[in-house]
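Listed below, chain by chain, are the residues.
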Amino acid sequence: MPVQNAEIAAMFDQCADLLEIKGENQFRVRAYRKAARTVEGLPRSVSVMLAAEEDLAELPGIGKDLASKIADIVAKGRFGLLEQLKKKLPGDLGAMAGLPGLGPKRLKLLYDKAKVRTLDDLKRALKSGKLHGLHGFGPLTEKKLVAALEKPAAVQRFRLSVAEAEAEALVAYLRDTGKVVVAGSYRRRRDTVGDLDILVTAKQGAAVGDKLVGYDNVTEVLAHGPTRTTVVLRSGIQVDVRAIPEESYGAALLYFTGSKAHNIALRGRATKRKWKLNEYGLISGTRRVAGATEEEVYQRLGLSYVPPEMREDRGEVALAAKGPLPRLIEVGDIRGDLHVHSNWTDGTASIAEMVAAARARGYAYMALTDHSRRQAMSHGLDPAKVVRQGREIDKLNDKLKGFTVLTGIEVDILKDGDLDLPDTTLAQLDVVVASVHTYFDLPREAQTARIVRAMGNPHVHIIGHPTGRLIGTREPYDIDMDQITSAARDLNCCLEINAEPDRLDLNDLHAHMAKSKGVKIAISTDAHAVNAFQYMRYGIDQARRGWLTADDVVNTRTLPQLRRMLKR
DNA sequence: GCCGTTTTCGGCCCGACTGTTTTCAGTCG
């Protein structure tokens with residue numbers, strides 16, 4: 001099985017950790033980390049790129065040496081340097097590196113002076129008092145380590161929609177301290193958020209932190225200084241609040257929005273101009289060149305404005321240096337929803353109610369795509385029921401002015417890639433979404449072949465939630481997205497960005513991969529209730545993170561255009 | 001280990017907070 005980009009990235013990250021503990025040149029360490037991010041963010045797998053004889057050394061942060069190391073990993077499936085490092089530094093240093101207060105320096109000290117190599121070693125050393133007197137290990141550090149070992153901090157990320165609820169409440173609470181904005185991965189609209197980074201422009205910086213510490217939901221205060229305060233809320237989410245002066249608003253927003261890699265790229269450009277970029281502004285000597293707005297900072301760095309969703313150091317800085325970036329898709333570009341359920345199967349509302357909700361959003365059309373018969377639990381439709389539902393839709397359409405209900409189905413993809421309804425039934429429908437709902441654990445080749453086979457059916461227009469993941473509860477099934485997107489392009493089949501906040505599937509990287517091959521995307525809510533149409537914006541978020549424009553998305557089209565595009 | 005409209009060598013993002021020191025290193029984001 002070809003080596004995955006994510007595996008290579010993980011190897012480079014581990015390598016960086018070990019090199020750092022070993023005390024290697026920090027820039028060499030950083031080079032491995034940067035390369036890991038580059039490989040991880042590629043729209044195509046390096047195995048495929050190598051097979052096409054592409055030069056990996058042209059990728060940002062990857063030079064001759066790392067390119068040959070990647071080629072080696074792909075060829076052998078193993079990474080020699082990492083194996084050597086592991087031999088030199090046996091144990092479970094990765095797990096220990098996750099503990100608060102343990103960075104490379106203290107880890108090395110533990111390793112060399114106290115022979116601590118695993119979490120169990122550390123527990124014993126703490127208990128026996130072996131660490132007393134070890135440089136940098138005072139009573140408080142020891143206490144924190146003991147606490148962390150007893151109750152390991154759940155390294156959890158929160159779904160964007162969950163983080164949103166917390167963020168909105170906090171913003172309201174802090175509003176009277178100044179201008180409040182949520183930055184970080186939340187503003188970049190990542191599908192999950194690790195912590196909330198909140199920025200407040202306030203004259204009295206300390207007052208903001210004080211107010212945060214007094215928030216009802218705070219269970220722990222991790223840091224509390226004059227300009228920066230960090231707390232943990234009852235839900236477990238960590239909140240960082242930073243107070244900054246008005247004239248630094250733009251620079252601070254930029255800095256706090258990240259990503260870290262994007263910031264580093266920007267700072268590199270500043271350095272080249274003999275400037276310095278920090279959260280207070282773009283600074284030349286002691287003079288502030290820019291800082292009040294983000295636009296101003298980008299402009300002075302010779303860049304066009306980069307929307308937060310693109311700030312991942314995936315090539316957007318180079319693109320912004322060439323000229324204006326393409327206008328990313330917006331919620332207002334959407335003219336209809338192509339994946340909607342009703343109470344004919346597992347939805348909670350009638351077709352007419354769903355239509356009313358779709359019209360209220362200003363849509364021109366909606367495809368009703370209830371489940372097929374295999375979904376017995378949700379009363380999936382058999383061929384006869386499909387016909388009956390079609391008649392009801394016809395009647396409804398006769399009465400509707402300026403809105404069209406498209407007939408459709410979300411048909412199950414069976415184990416071998418066959419579909420759950422006969423072609424004669426599918427041929428009668430306007431929109432056929434084909435989805436996997438069973439056999440999630442097939443091996444990669446079989447799972448991929450199954451979906452490609454379904455796409456090969458000329459009646460299928462869209463593959464629904466292509467990876468099947470449920471964020472935080474179910475891993476995506478094992479498929480080769482490179483193959484899937486190539487097949488989608490060759491077979492002229494659309495892929496879905498399912499906007500349901502638990503799914504967000506395709507994710508941003510996959511959406512970008514699809515776009516880069518010219519595959520058309522449908523952004524759909526999979527609405528099972530009238531209020532679920534509002535999830536569209538989460539789908540738009542991920543589409544923007546995948547650099548999609550309105551042109552890449554089929555349901556930005558007028559109905560006649562859409563009909564033409566879906567034809568196969 | 002990467003990279004170059006100042007450079008193929010000598011740089012490499014930057015500041016806040018904490019705990020351990022006794023003026024600062026380490027960690028973190």
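An unreviewed UniProt entry lists chain A under the name DNA polymerase beta, from Pseudolabrys taiwanensis. Recorded in UniProt under Subcellular location (unreviewed entry), the annotation for chain A is "Cytoplasm". The Cofactor (unreviewed entry) field of the UniProt record for chain A holds the comment "Mg(2+)".

Our focus in this paragraph is the overall build of chain A. A tally of regular secondary structure across chain A gives 24 helices and 17 strands. Relative to a compact globule of 568 residues, whose C-alpha radius of gyration would be 24 Å, chain A shows 26 Å and is just as compact. Within the span of chain A, comprising 568 residues, buried residues form 52% of the whole. Within chain A, residue pairs in contact and separated by at least 24 positions form 68% of the contacts whose partners lie at least 6 positions apart. Element-wise, carbon and sulfur atoms account for 52% of the exposed surface of chain A, whose accessible area totals about 25,700 Å². Where the 84 positive side-chain charges of chain A centre and where its 73 negative ones centre are 5 Å apart.

For the rest of this paragraph, the subject is the sheet that holds strand E12 (residues 365-368). Taken together, the 7 strands give an open sheet; going across it, the order is E11-E12-E13-E14-E15-E16-E17, and neighbouring strands pair in parallel fashion. Of all the strands in the sheet, the pair left with one neighbour each is strand E11 (336-340) and strand E17 (521-524). With 5 bridges joining them, strand E13 (residues 404-412) and strand E14 (residues 431-435) adopt parallel strand pairing. Along E14, the bridge assignment pairs Asp412 with Ser435. In this fold helix H24 (residues 559-566) packs onto E11, E12, E13, E14 and strand E16 (494-498), with an angle of close to 30° to the strand it touches most, E13.

The next thing to look at is the protein's contact with DNA strand B. DNA strand B sits among 48 residues. The nearest are Arg30, Gly63, Gly138, Arg267 and Lys274. Atoms of DNA strand B within 4 Å of the protein: sugar and phosphate make up 74%, bases the balance. Contact between DNA strand B and Lys105: a phosphate oxygen at 3.3 Å from a main-chain N or O atom of the residue. Note that a phosphate oxygen of DNA strand B is positioned 3.0 Å from one of the side-chain N or O atoms of Lys276.

With that settled, consider the nonpolar core. Judged by nonpolar contacts, the single largest core of 59 residues is most densely connected at Met366 and Leu495. In terms of residues, this core owes the most to one element, helix H17 (residues 351-360), which gives 5 residues. Leaving out residues up to four positions away in the same chain, Met366 has contacts with Asp337, Val340, Met354, Val355, Ala358, Phe403, Thr404, Val405, Leu406 and Phe533. Among the nonpolar cores identified, the runner-up in size contains 48 residues, and Phe79, Leu99, Leu131 and Leu134 belong to it.

Looking now at the state of the cysteines. Within the structure shown, the criterion is met by 0 disulfides. Free of any disulfide, Cys493 has its nearest neighbouring cysteine sulfur in Cys494, separated by 6.4 Å.

What the domain assignment lists for chain A is domain 1 (5-150), domain 2 (158-322) and domain 3 (331-566). Using C-alpha coordinates to define each centre, domain 1 is positioned 28 Å away from domain 2.

So, on to the pattern of salt bridges. Inspection of every chain in the model, using the stated rule, returns 41 salt bridges. The closest approach of N and O atoms between Asp121 and Arg124, which form a salt bridge, is 2.9 Å. You can see Asp121 and its partner Arg124 sitting in helix H8 (residues 119-128), 3 residues apart, about one turn around the helix. Taking the relative accessible area as the measure of exposure, Asp121 reaches 18% and is therefore buried. A salt bridge links Glu312 to Arg545; the nearest nitrogen and oxygen atoms lie 3.0 Å apart. With a gap of 233 residues between them, Glu312 in the loop between helix H15 (294-300) and helix H16 (316-322) and Arg545 in helix H23 (residues 536-545) connect regions that are remote in the sequence. As far as the burial class goes, Glu312 and Arg545 line up, both buried. Each member of the salt-bridge network shares a partner with another, and the members are Arg188, Glu312, Arg314, Asp508 and Arg545.

Conventions used here
Residues numbered from 1 in each chain as written. Chains lettered and ligands numbered in written order. Predicted model: local features only at pLDDT ≥ 70, side-chain atom pairs only at ≥ 80, totals over all residues. Heavy atoms only, no water. UniProt positions renumbered as here; feature names shortened; annotations may be inferred. Helix = DSSP H or I, 4+ residues; strand = E, 2+ residues; numbered from the N terminus. Rg over C-alpha atoms; globule rule 2.2 N^0.38 Å. Buried < 20%, exposed > 50% of the residue type's maximum accessible area, 1.4 Å probe, protein only. Contact = heavy atoms within 4.5 Å. Areas by Shrake-Rupley, 256 points an atom, 1.4 Å probe, with all protein chains shown as cover. Lys, Arg positive; Asp, Glu negative; His and termini not counted. Charge placed at Lys NZ, Arg CZ, Asp CG, Glu CD. Pairing = 2+ DSSP bridges. Axes fitted to C-alpha atoms, helices over the stretch in contact; angles between N-to-C directions. Near = heavy atom within 4 Å. Polar contact = N/O pair within 3.5 Å; in protein donor to acceptor, adjacent residues only side chain to side chain. Core = buried A, V, L, I, M, F, W, Y, C linked by side-chain atoms within 4.5 Å. Disulfide = S-S within 2.5 Å. Domains from an automatic or database assignment. Salt bridge = Lys/Arg side-chain N within 4 Å of Asp/Glu carboxyl O.

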